[in-house]
Each structure stands twice: as C-alpha cells, then as structure tokens.
Amino acid sequence: MSSRSAEQMPVKINVKTDIRSGGSKETFELTAFGRYYIKDSARFLQYDEVMEEGTVKTIIKMSNADGLILRSGAVKMRLPFRMNKKLRGSYETPYGVFEMGTVTKRMVHQYDDKSGEGSIDILYDLKMQGSQAGTYHLAITFEEENNEHS
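The structure displayed is predicted, hence computed values, not measured ones. Residue numbers run consecutively from 1 along every chain, following the written order of its sequence. Reporting of local features is limited, given that this is a predicted model, to residues whose pLDDT is at least 70; pairs of side-chain atoms are given and counted only at 80 or more, and all residues count toward the totals for whole chains, interfaces and linings. The side-chain quantities take in all heavy atoms of the structure and omit both hydrogens and water.

1. Re the confidence of the model for the protein
It should be kept in mind that the predicted coordinates are not to be read in detail where pLDDT is low.
Stage number 1. On a range of 0 to 100, pLDDT expresses the predictor's confidence in each residue. Of all residues in the protein, 93% attain a pLDDT of 70 or more, and the chain-wide mean is 91.
Stage number 2. Taken as a whole, residues 1–5 scores under 50 in pLDDT and shows five contacts with residues more than four places along the chain or in a different chain. In this description, contact between two residues means that some pair of their heavy atoms is separated by no more than 4.5 Å.

This is the structure:
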C-alpha cells in the first residue's frame with residue numbers, strides 16, 4: 001500500500017559549495033549517500049556527513065516557494081530560503097547560537113523519474129551575526145543508487 005511519493009529512494013549525492021567573499025572564492029565538495037523522498041508536495045534530500053566534531057545529519061527540504069536546510073548532531077543549523085526575501089536562520093555551536101540571515105537569489109530544484117537523477121541549485125547571500133559572510137552557491141546533484149550489487 002505504499003505510494004511512490006512516500007517511498008524513500010537511496011541516492012548518491014554530490015554537494016558543491018562555492019563561497020565568494022570580497023575578492024576570494026572557496027569551493028567545498030562532498031559526496032554522500034542518503035535518501036530522496038516526496039512528502040506533502042515537498043521534496044526531501046537527507047544524508048549524513050562525518051566531520052571532526054562528529055556526524056551531522058542534513059535534511060534539505062524544497063517546495064515550490066521555499067527551501068530549508070536543517071542540520072542536527074555535531075552541528076545544529078537551520079537555514080531557510082525564499083526568493084528575494086530576507087529570512088532568519090540559526091547556527092548552534094558549543095560556544096553559543098549565531099544568528100544567520102539569507103537572501104535567496106536563485107532556487108531551482110528538479111527530479112527526473114525516468115533517469116532517477118535530480119538537482120538542487122541555491123544561490124544566496126549569507127549574513128552571520130548581522131555582517132555579510134559572502135555569497136554562497138549550493139549545487140547539489142543526486143542520482144538513484146543502483147542496488148543490484150548489494
């Protein structure tokens with residue numbers, strides 16, 4: 001009795017983050033394995049990231065008008081997105097909670113049922129504690145993991 005939409009699909013995820021601040025640019029890349037699913041007309045991408053501080057569980061939620069990145073575990077973060085809107089988020093560390101702000105300039109997500117491939121593309125300005133932290137470009141691609149060999 002499970003519908004395709006609620007099904008959690010195992011996926012291989014590539015996360016690329018470009019950060020431009022002042023005249024400099026930094027790029028971070030991560031490959032992870034996680035799950036992709038649709039629930040209540042929102043699309044979710046979920047994966048774990050192992051860091052020095054411990055494991056961080058990341059959930060990215062995308063709907064037509066909004067996006068949200070939630071991280072929990074070794075790092076706690078809530079980062080909301082809505083086109084051309086200033087939104088407030090937070091980043092919790094052992095040393096306290098930092099207020100974050102986003103202004104989203106581009107937010108595109110797509111998924112192809114036939115190929116099992118999808119992408120999430122978010123471009124945003126980030127402020128931390130009220131000062132400009134840079135322009136972030138989050139380019140995430142994911143594809144259905146082929147489970148024939150497991």
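Picking up after the structure, the text goes on.
2. Description of the pattern of salt bridges
Stage number 1. The salt bridge definition used is simple: a Lys or Arg side-chain nitrogen within 4 Å of an Asp or Glu carboxyl oxygen. This model, assessed by the stated rule, comprises five salt bridges.
Stage number 2. Notably, a salt bridge pairs R88 with E99, separated by 3.2 Å at the nearest N-O pair. With R88 in strand β7 (residues 86–93) and E99 in strand β8 (residues 96–112), this pair connects stretches of sequence that are eleven residues apart.
Stage number 3. With its nearest N and O atoms 3.2 Å apart, the salt bridge here joins D125 to K105. Taken as a pair, D125 in strand β9 (residues 117–128) and K105 in strand β8 lie far apart in primary sequence, 20 residues in all. Segments assigned H or I by DSSP are reported as helices when at least four residues long, segments assigned E as strands when at least two residues long, and all are numbered from the N terminus.

3. Regarding the packing of aromatic side chains
Stage number 1. For Phe, Tyr and Trp, where Trp contributes only its six-membered ring, two rings pair if their centres lie within 6.5 Å, and the inter-plane angle classes them as stacked under 30 degrees, edge-to-face over 60, or tilted in between. Enumeration according to the criterion identifies six aromatic pairs in this entry.
Stage number 2. Consider the rings of F81 and Y124, whose centres lie 4.8 Å apart with planes at 65°: the pair is edge-to-face. You can see F81 sitting in strand β6 (residues 76–82) and its partner Y124 sitting in strand β9, a full 43 residues away along the chain. As far as the burial class goes, F81 and Y124 line up, both buried.
Stage number 3. Counting every residue linked through ring pairs, the aromatic cluster contains Y36, Y111 and F142. Accessible area is worked out with a 1.4 Å probe on protein chains only. A residue is then buried under 20% of its type maximum, exposed over 50%, and partly exposed in between.

4. Focus: the environment of Y91
Stage number 1. Inspection of the secondary structure assignment puts Y91 in strand β7.
Stage number 2. Along the primary structure Y91 and L70 are separated by 21 residues, whereas in three dimensions their C-alpha atoms are 9.9 Å apart.
Stage number 3. Not counting residues within four places of it along the chain, the set of residues in contact with Y91 comprises V75, K76, M77, G96, V97, F98, M100 and M128.

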